[in-house]
Amino acid sequence: MSASSDVLIIGAGLAGLSAAYNLSKAGKTVQVVEARDRIGGRAWTDYSFGFPVELGCMAIHGYNQGNPVLGYAKTLGLETKLLPASPGTLFTKDGPLDADLTRRLHTNIFLAMSHMNKVTSEPLSDSSSAADILLSSSSPLYTGLSETEKEKATALARAAEIGWGISLEEASAHWSGWASGVAFAGSDGIVVGGYGKLVAALRAAAEETGKASFVLNAHVSKVDKTNDGRIQIHTSNGQVYNGRAALSTIPLGTLKKLTDDFFDPPLPARKSSVISRTAVGILEKFGLLYDSLWWDPAAGPFTILLENGTLLAIPISSSPPCLHVLVSHGLTGLSADTIHNILSQAIAPEKMVPKPIKAVASRWKDDELSLGATSSPVRVGEGRSPLDFAELARPVWGGLLGFAGEATELDHRGSVPGAILSGEREARRIQALLDWQYVV
Ligand SMILES: Cc1cc2nc3c(=O)[nH]c(=O)nc-3n(C[C@H](O)[C@H](O)[C@H](O)COP(=O)(O)OP(=O)(O)OC[C@H]3O[C@@H](n4cnc5c(N)ncnc54)[C@H](O)[C@@H]3O)c2cc1C
């Protein structure tokens, strides 16, 4: 039996780290319990090539638009940098698209997305999908294009599935773009050295307060409220941790698979039904390392539009040469060799391209501690709305058990700021709750 803490936090991803950092700074004792042998969760920087390759989050979206990562990085003494914006090169199975067609397709996509966000501000049926609007014959997506160009426009529209993790057919048209006025977007940056630096710095700053401790390789198997109103969390290796309050940052995909008695008393029916009806999208990443450069770095990023999905290959280093590849949901399960073959045939069909000398890959879909990449945008179907993300955030047990994580921030779901802001939100709420308890 471990000593008691003010707050027990399940999960040391960015939501758990942000909560631990903010609570410990506020003087609360915190015990973070993490199932993996590392902290960071879906912020996972691989350094095995000798430089950072992000297998989870990479970009600081909305770098110049107020993303809170910048504030944390500055406070923690980390360097960040703005990335140059570049349309890169588009490829279909027929080869590269010329600059004029690429420009026209990008313009049409922008107009089609704006059109969808405008028409969806009017009442639409819950069963209207993004595909119904974006790919309709009257969509601005197809303005001024020949029949063969229209096929390419459809394929480019499907590139949105990389970020959404679900198909255009599954995504609700009604709620499309609902958060676009507030979500961080417009310019992209990175944490120099990778998100792993931010993860490590948050843990170090929390531990420096002397109030926070972390335990790894500790899989939480049960959370309960005792008769005297305290919280106990049990791990599968038999440890029990006691706290006055607890915060679960268990990802939505994993939450869906928990047995009914994981939380005791059980979660209210409304929360359980929202956990079931929300979805987790799929996105995987590869890092491919080569011993010689076979692409033109100035032509990247390379977007390969295929029939069943999209590959986005971003050159992240020329010496040694390395491609960072994002794989949309329709193409997951492919090996690094197959990904390499698709890329080399599209980008350099005439060349003898060397095979990668090393490869790293994520497997978020099958990872039992995430079971997918991030929460998906609202799906088609009756009763679903962004309010579901607010329900995922609602505490239970009189406020003593809170929920944080990317899926709980309705304006910023699916992102690093979503995770960080959810940790901040719960740290503030739990702090107030515990301070109030001291008074009574
Ligand atoms: C491939 C990919 C690319 C992305 N790209 C970007 C990007 O470029 N920019 C951006 O802003 N966002 C991006 N994101 C999203 C971002 O990475 C996530 O939103 C964020 O990292 C989620 O943090 P979290 O704390 O909510 O969850 P997690 O990081 O998943 O943390 C949850 C933690 O809980 C632990 N856990 C789970 N179950 C248990 C249990 N029973 N007991 C103990 N511990 C448990 C897990 O091991 C994990 O460490 C990307 C995500 C993915 C997967």
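Residues numbered from 1 in each chain as written. Predicted model: local features only at pLDDT ≥ 70, side-chain atom pairs only at ≥ 80, totals over all residues.

**Student:** Which parts of the structure should I look at to understand helix H10 (residues 336-347)?
**Tutor:** Counting along an α-helix, one turn takes 3.6 residues, and residues three or four places apart therefore face a common direction. In a regular helix each residue adds 1.5 Å, so twelve residues correspond to 16 Å; H10 covers 16 Å between its end C-alpha atoms and thus fits that length. All of the buried residues along H10 are Ile339, His340, Ile342, Leu343, Ala346 and Ile347. Across the axial projection of H10, the buried residues extend over an arc of 165°, all falling on one side. Exposed residues lying more than 90 degrees from the buried face of H10 are Asp337 and Thr338. Where H10 is buried, its residues contact strand E7 (89-92), strand E15 (283-289), strand E16 (302-306), strand E17 (309-318) and strand E18 (321-328). (Helix = DSSP H or I, 4+ residues; strand = E, 2+ residues; numbered from the N terminus. Expected span 1.5 Å × (residues − 1). Buried ≥ 20, exposed ≤ 12 C-beta atoms within 10 Å, placed from the backbone. Arc of directions from axis to C-beta. Contact = placed C-beta atoms within 7 Å.)

**Student:** I tried to follow the domain arrangement of the chain on my own but got confused; where do I start?
**Tutor:** How big an interface is tends to be expressed through the accessible area that disappears when the partners come together. Along its sequence, the chain is organised into domain 1 (5-44 + 67-76 + 193-278 + 369-439), domain 2 (99-184) and domain 3 (283-361). Summarising the inter-unit geometry, the C-alpha centres of domain 1 and domain 3 are found 35 Å apart. (Domains from an automatic or database assignment.)

**Student:** Got a minute to help me understand the site of the ligand in this structure?
**Tutor:** Surveying the vicinity of the ligand reveals 40 residues, the closest of which are Gly11, Gly13, Ala15, Gly41 and Cys57. Going through the elements one at a time, helix H1 (14-25), E15 and helix H12 (416-439) are the ones with two or more residues in the shell around the ligand. Residue classes in the shell around the ligand are distributed as 19 nonpolar, 16 polar and five charged. (Near = placed C-beta within 6 Å. Nonpolar A, V, L, I, M, F, W, Y, C, P; charged D, E, K, R; others polar.)

**Student:** It is not clear to me how the UniProt feature "binding site: FAD" (unreviewed entry) in the chain should be interpreted in this structure. Could you clarify?
**Tutor:** When the UniProt feature table is mapped to this numbering, "binding site: FAD" (unreviewed entry) covers Glu34, Ala35 and Val220. Taking the farthest pair of C-alpha atoms as the criterion, the annotated set spanning 187 residues converges on one region, since that pair is 7.8 Å apart. Its location among the elements puts Glu34 in the loop between strand E2 (30-33) and strand E3 (45-46). The buried category is assigned to Glu34, around which 25 C-beta atoms lie within 10 Å. Other than its neighbours up to four places away in sequence, Glu34 contacts Gly11, Ala12, Ile39, Phe214, Val215, Leu216 and Ala218. Judged by C-beta crowding, with 22 C-beta atoms within 10 Å, Val220 ranks as buried. Apart from residues lying up to four places away in sequence, Val220 is in contact with Ile10, Val33, Ala35, Ile233 and Thr235. (UniProt positions renumbered as here; feature names shortened; annotations may be inferred.)

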